[in-house]
Amino acid sequence: MSDTMKIRMLAMLDEEIKEVDGSISNNRTWMLGSDSEDEIEMFIENIADLEEYRDVLLKMRDQVMKGEFNV
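Heads up: these notes are all about the structure in this document. (Residues numbered from 1 in each chain as written. Predicted model: local features only at pLDDT ≥ 70, side-chain atom pairs only at ≥ 80, totals over all residues. Heavy atoms only, no water.)

## So, the overall build of the protein
The number of helices and strands found in the protein is two helices and zero strands. Taken against the 2.2 N^0.38 rule, which gives 11 Å for 71 residues, the C-alpha radius of gyration of the protein at 16 Å runs more than 25% over that of a compact globule. Expressed as lengths along the three principal axes of its C-alpha atoms, the size of the protein is roughly 50 × 15 × 15 Å. A separation threshold of at least 6 residues defines the contact pool for the protein, and within that pool the share at least 24 residues apart is 64%. Split by element, the accessible area of the protein, about 5,300 Å² in all, is 51% carbon and sulfur. Computing the positive centroid from 8 side-chain charges and the negative centroid from 18, the protein places the two 13 Å apart. (Helix = DSSP H or I, 4+ residues; strand = E, 2+ residues; numbered from the N terminus. Rg over C-alpha atoms; globule rule 2.2 N^0.38 Å. Contact = heavy atoms within 4.5 Å. Areas by Shrake-Rupley, 256 points an atom, 1.4 Å probe, with all protein chains shown as cover. Lys, Arg positive; Asp, Glu negative; His and termini not counted. Charge placed at Lys NZ, Arg CZ, Asp CG, Glu CD.)

Quick look at the structure:
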């Protein structure tokens, strides 16, 4: 992977990780204001899914940094 490609991939991943972190924060806030157990459970599931996605993005970022990411 060229240095230019690496820089672009890292920028893209960093931006997506930032977006996901914001979504996790929003879901936590909405969960605290929920009126029902069903809403709370929905936000808990959303947070778990987003955290799993963030973990995948972080692994991808690590692979890009090490030059091990291949498509």
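## Structural notes on the packing of aromatic side chains
A full pass over the atoms with the stated rule returns one aromatic pair. On the basis of an interplanar angle of 45 degrees and a centroid distance of 6.1 Å, the ring pair of Trp30 and Phe43 is categorised as tilted. Within this pair, whereas Trp30 is found in helix α1 (residues 3–32), its partner Phe43 is found in helix α2 (residues 37–66), the two being separated by 13 residues in sequence. (Phe/Tyr/Trp six-rings, centres within 6.5 Å; stacked < 30°, edge-to-face > 60°.)

## What about the environment of Arg54?
Relative to the elements of secondary structure, Arg54 occurs in helix α2. A residue is classified by how much of its surface remains accessible, and Arg54, at 22% relative accessible area, is partly exposed. Distance from Arg54 to Phe43, taken between C-alpha atoms, is 16 Å for residues 11 residues apart in sequence. Each residue touching Arg54, except ones within four places of it in the same chain, is listed here: Ile17, Val20, Asp21 and Ile24. A polar atom in the side chain of Arg54 sits 2.9 Å from the side chain of Asp21. (Buried < 20%, exposed > 50% of the residue type's maximum accessible area, 1.4 Å probe, protein only. Polar contact = N/O pair within 3.5 Å; in protein donor to acceptor, adjacent residues only side chain to side chain.)

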